[in-house]
Amino acid sequence: MLAGYGVAVPVGAIGALIAGLAARSGWKAGAGAALGVATADGIYAVVAVLGGAALAGLIAPISTPLRWVAAVVLLALAAKTAADALRHRHDAARARDADGRMSRPAGAYFALLGLTLLNPATIVYFGALVLGRRADDGLSATHETVWVLAAFVASASWQLVIAGGGTLLGRVLTSARGRLWTALTSSAVIAVLAVVLLV
């Protein structure tokens, strides 16, 4: 579980996106997004257990283009969120729906799953942990399965905390001005963190 928390706890662009989405679209969309991120972390944990060292070596040469793709997608999301918030600042109902498909749990799940899978650092992180443990303990298939499940549960629990925080923020800031402020703040944070990916 510590491995899962280690990759999930640092709040980056994905965490800001979950919180902003939950603030604007509610708990169900935020939870869908959170579980999409946790699923990506779980997939990477499985890949690390099955062959992390080899895959990390294959991904390393393309990690820079993957970071660029992730940054471009995040910047586009930030721009769309800000533009929709400004366009619909006087219409609270439309502001709530500005995320389109991502305002629905399934749409949020698949959008965040795909976006999180663009981060090759997670597979390198999990791969290093698995290889280090194998060298020390010689992990069995049962231990590896428990390790993957624990990493998924840790990631899911933390991402759901972020979604819950976003939902509470959304309930506190229910006015049109409050929704505009959370959307613009979320957009700014996502944009800054997208740029940081490239530095």
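Looking up the chain in an unreviewed UniProt entry gives the name LysE family transporter, with the organism given as Dactylosporangium aurantiacum. Quoted verbatim from the Subcellular location (unreviewed entry) field of UniProt, the annotation for the chain is "Cell membrane".

Engineer: Go over the overall build of the chain, please, and point to the residues and values.
Structural biologist: Counting its secondary structure elements, the chain contains 9 helices and 0 strands. Along the chain, helices and strands appear, N-terminal first, in the series α-α-α-α-α-α-α-α-α. A buried classification covers 44% of the 199 residues belonging to the chain. Considering only residue pairs separated by 6 or more positions, the chain has 86% of its internal contacts joining residues 24 or more positions apart. Summed over its atoms, the accessible surface of the chain is roughly 9,700 Å², and 72% of this surface lies on carbon and sulfur atoms.

Engineer: How would you sum up helix H2 (residues 13-25)? Please name residues and give values.
Structural biologist: Each α-helix turn comprises 3.6 residues. Residues three or four places apart therefore point the same way. The end-to-end C-alpha distance of H2, which contains 13 residues, comes to 18 Å, matching closely the 18 Å that a straight helix rising 1.5 Å per residue would cover. Counting buried residues in H2 gives 12 out of 13 residues, a clear majority hidden from the surface. Positive backbone phi, at 100°, marks glycine 26, one or two positions downstream of H2.

Engineer: Account for the environment of alanine 38, naming residues and giving values.
Structural biologist: By the secondary structure assignment, alanine 38 is in helix H3 (residues 27-59). Take alanine 38: its relative accessible area is 0%, and that puts it in the buried class. Along the primary structure alanine 38 and alanine 8 are separated by 30 residues, whereas in three dimensions their C-alpha atoms are 8.4 Å apart. Among all residues touching alanine 38, those that are not within four sequence positions of it are Phe152, Ser155 and Ala156.

Engineer: Lay out the packing of aromatic side chains with the relevant residues and their values.
Structural biologist: A complete count under the given rule lists 1 aromatic pair for this structure. Geometrically, the ring pair formed by tyrosine 109 and phenylalanine 110 is edge-to-face, given 5.0 Å between the ring centres and 90° between the ring planes.

Engineer: Explain the UniProt feature "transmembrane region" (unreviewed entry) in the chain to me, and be specific about the residues and the numbers.
Structural biologist: Per the UniProt annotation, the sites labelled "transmembrane region" (unreviewed entry) are residues 6-23, 43-62, 68-86, 107-126, 146-168 and 180-198. End C-alpha to end C-alpha, residues 146-168 measures 33 Å, and it is 100% helix and 0% strand.

Engineer: Pulling in residues and values, what's your account of helix H6 (residues 105-117)?
Structural biologist: The end-to-end C-alpha distance of H6, which contains 13 residues, comes to 18 Å, matching closely the 18 Å that a straight helix rising 1.5 Å per residue would cover. Residues of H6 that are buried: Ala108, Leu112, Leu113, Leu115 and Thr116.

Engineer: Outline a nonpolar patch on the surface, supporting the account with residue identities and numerical values.
Structural biologist: Together, Trp68, Val72 and Leu198 make up a nonpolar patch on the protein surface, roughly 290 Å² of accessible area in all. Mapped onto the elements of the fold, tryptophan 68 is located in helix H4 (residues 63-87). Judged by relative accessible area, which is 48%, tryptophan 68 ranks as partly exposed.

Engineer: So what about the packing of H2 against H6? Which residues, and what values?
Structural biologist: Contact geometry of H2 with H6 gives a least axis separation of 11 Å together with a crossing angle of 170°. By the criterion of interaxial angle, the relationship of H2 to H6 is roughly antiparallel. Along its contact with H2, which presents Ile14, Leu17, Ile18 and Leu21, the element H6 presents Ala108, Leu112, Leu115 and Thr116. Taken together, the residues of the contact of H2 with H6 break down into 7 nonpolar, 1 polar and no charged.

Cut-off values and rules
Residues numbered from 1 in each chain as written. Predicted model: local features only at pLDDT ≥ 70, side-chain atom pairs only at ≥ 80, totals over all residues. Heavy atoms only, no water. UniProt positions renumbered as here; feature names shortened; annotations may be inferred. Helix = DSSP H or I, 4+ residues; strand = E, 2+ residues; numbered from the N terminus. Buried < 20%, exposed > 50% of the residue type's maximum accessible area, 1.4 Å probe, protein only. Contact = heavy atoms within 4.5 Å. Areas by Shrake-Rupley, 256 points an atom, 1.4 Å probe, with all protein chains shown as cover. Expected span 1.5 Å × (residues − 1). Phe/Tyr/Trp six-rings, centres within 6.5 Å; stacked < 30°, edge-to-face > 60°. Patch = residues over 30% accessible without salt bridge, like charges linked within 9 Å, V, L, I, M, F, W, Y side chains within 5 Å. Salt bridge = Lys/Arg side-chain N within 4 Å of Asp/Glu carboxyl O. Axes fitted to C-alpha atoms, helices over the stretch in contact; angles between N-to-C directions. Parallel < 35°, antiparallel > 145°, perpendicular 65-115°, else oblique. Nonpolar A, V, L, I, M, F, W, Y, C, P; charged D, E, K, R; others polar.

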